[in-house]
Amino acid sequence: MRTTRLLPLLPAMTLAVALAGCGDDAPYSDTATLYDIVTYEGSAHGVARFAMRASNDSPLLTFTATGVDVDPDIGEGDRMLLGYIPASGRPYTSGEVSVVSTGAINNVPLKEDAIADIRWDADPIYLNSIWRTGCYINVYCRVSYSAKPRLLSIVADRETLGDPVPQLYLVHDLLGEPDSYTRRAYLSVDISGVWQLEGCRGVTVHVADSNLPKTEYTFMKTDN
């Protein structure tokens, strides 16, 4: 269940984080199966549709698949993890695919606020990778297990929205729950509200990371 909860000056989302439970291996295997974060575009007449960009501003790809049982927690327009094999044998080409697996991920909200008033780094994450595909920032990380919902959001610092490169912050707060063992999680954030601002040339994402000393990741717009 996803519910709205207030922290000081931060209207944000608390949610039970979707945790991957299949080992600690990297998200790509050495078989023909590809694993990507995609947008579920719904299903009609037994045919499911998925859309994605391979990276940055590369062309939009559309996949179709028949006989797919999508997780009931995944709604039309949601981001999700898709394991698939291209029917053509050519990766990252639009067309029919055979679906190996589907999985719900965290569709994290984008908020705007004054970052000086927010404890955005309350609980660091263990960052494995962060990347951009179109208007989405995607994160593969490890977070402490918690049976209760936690605060998880991306906040755009309101004071920087007029800058060529607005500043975004990954907010993670266990809301007082004790640290526990970690499991991997996938997040995807629609940043179009900032990305499409006039004069925006890119964004910088700040991450409180318990893995690496790097805390800032800048993603610039590129030509198609």
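What counts, and at which threshold
Residues numbered from 1 in each chain as written. Predicted model: local features only at pLDDT ≥ 70, side-chain atom pairs only at ≥ 80, totals over all residues. Heavy atoms only, no water. Pairing = 2+ DSSP bridges. Helix = DSSP H or I, 4+ residues; strand = E, 2+ residues; numbered from the N terminus. Axes fitted to C-alpha atoms, helices over the stretch in contact; angles between N-to-C directions. Core = buried A, V, L, I, M, F, W, Y, C linked by side-chain atoms within 4.5 Å. Buried < 20%, exposed > 50% of the residue type's maximum accessible area, 1.4 Å probe, protein only. Contact = heavy atoms within 4.5 Å. Phe/Tyr/Trp six-rings, centres within 6.5 Å; stacked < 30°, edge-to-face > 60°. Lys NZ or Arg CZ within 6 Å of the ring centre and 35° of its normal. Disulfide = S-S within 2.5 Å. Salt bridge = Lys/Arg side-chain N within 4 Å of Asp/Glu carboxyl O.

### Quick notes on the sheet that holds strand 8 (residues 106-108)
So, step 1. With respect to topology, four strands assemble into an open sheet ordered 8-14-11-10, the strand pairing being mixed. Each edge of the sheet is formed by a strand with only one pairing partner; in this case those strands are strand 8 and strand 10 (126-133). Going from strand to strand, the sheet's axes swing by 25° on average, the running direction of each strand aside.

### A closer look at the nonpolar core
Across soluble globular proteins, you tend to see nonpolar side chains buried next to one another.
So, step 1. One finds I125, I130, V139, L168, V203 and V205 to be the most contacted residues of the largest nonpolar core, which totals 27 residues.
So, step 2. Counting only elements with at least two residues in this core, the list comes to strand 10, strand 11 (136-144), strand 12 (150-157), strand 13 (167-173), strand 14 (182-190), helix 1 (192-195), strand 15 (202-206) and strand 16 (216-220).
So, step 3. The biggest single contributor to this core is strand 11, with four residues.
So, step 4. The contacts of L168, once residues within four sequence positions are left out, are I154, V155, A156, I191, V194, V203, T204, V205 and H206.
So, step 5. Core analysis: the next-biggest nonpolar cluster, separate from the first, contains 15 residues, A48, F50, F63 and Y84 among them.

### A short note on the environment of P124
So, step 1. Mapped onto the secondary structure, P124 falls in the loop between strand 9 (110-113) and strand 10.
So, step 2. Using a relative accessible area of 44% as the deciding quantity, one classes P124 as partly exposed.
So, step 3. Between the C-alpha atoms of P124 and V171, which are 47 residues apart in sequence, the distance is 8.7 Å.
So, step 4. Excluding its chain neighbours within four sequence positions, the residues that come into contact with P124 are H172, A208, D209 and S210.

### Side note on the packing of aromatic side chains
Two descriptors summarise a pair of aromatic rings, namely the distance from one centre to the other and the angle between the planes of the rings.
So, step 1. Under the criterion given, the structure shown has four aromatic pairs.
So, step 2. Here Y40 and F50 contribute two aromatic rings whose centre-to-centre distance is 5.7 Å and whose plane-to-plane angle is 40°, an arrangement assigned as tilted. Of this pair, Y40 sits in strand 3 (residues 34-44) while F50 is found in strand 4 (residues 47-53), placing the two residues ten residues apart along the sequence. Across the pair, exposure class does not vary: Y40 and F50 are buried alike.
So, step 3. On the basis of an interplanar angle of 65° and a centroid distance of 5.1 Å, the ring pair of W120 and Y169 is categorised as edge-to-face. Of this pair, W120 sits in the loop between strand 9 and strand 10 while Y169 sits in strand 13, placing them 49 residues apart in sequence.
So, step 4. Residue Y169 is classed as buried on the basis of its relative accessible area, which comes to 11%.
So, step 5. The residue whose ring lies beneath R79 is Y136, and the NZ or CZ to ring-centre distance is 3.8 Å.
So, step 6. Seen from the ring of W195, K221 lies directly overhead, with NZ or CZ sitting 5.4 Å from the centre.

### Concerning the state of the cysteines
So, step 1. According to the stated counting rule, one finds zero disulfides in the structure shown.
So, step 2. There is no disulfide at C135, and the cysteine sulfur nearest it, in C200, is 9.3 Å away.

### As for the pattern of salt bridges
So, step 1. Following the criterion strictly, the structure yields three salt bridges and no others.
So, step 2. For D57, the salt bridge identified is with R132, shortest N-O distance 2.9 Å. Of this pair, D57 sits in the loop between strand 4 and strand 5 (60-66) while R132 sits in strand 10, placing them 75 residues apart in sequence.
So, step 3. Given the relative accessible area of 13%, D57 is considered buried.
So, step 4. The salt bridge involving D173 is made with R119; its shortest N-O contact spans 3.2 Å. Highlighted residues: D173 in strand 13 and R119 in the loop between strand 9 and strand 10, separated in sequence by 54 residues.
So, step 5. Judged by relative accessible area, D173 falls into the buried class, the value being 4%.

### Observations regarding unusual backbone geometry
So, step 1. Unusually for a residue other than glycine, H45 sits at a positive phi of about 55°.
So, step 2. Positionally, H45 belongs in the loop between strand 3 and strand 4.

### Regarding the sheet that holds strand 3
Strand-to-strand pairing in sheets goes through backbone hydrogen bonds, with the strands running parallel or antiparallel.
So, step 1. As summarised here, the arrangement of the five strands in space is 3-4-5-7-6, forming a closed barrel in which the pairing is mixed. When the angles between neighbouring strand axes are averaged without regard to direction, this sheet yields 55°.
So, step 2. Relative to strand 6 (residues 79-86), strand 3 is paired through six bridges, and the arrangement is antiparallel. Of the residues in strand 6, the one forming a bridge with D36 is L82.

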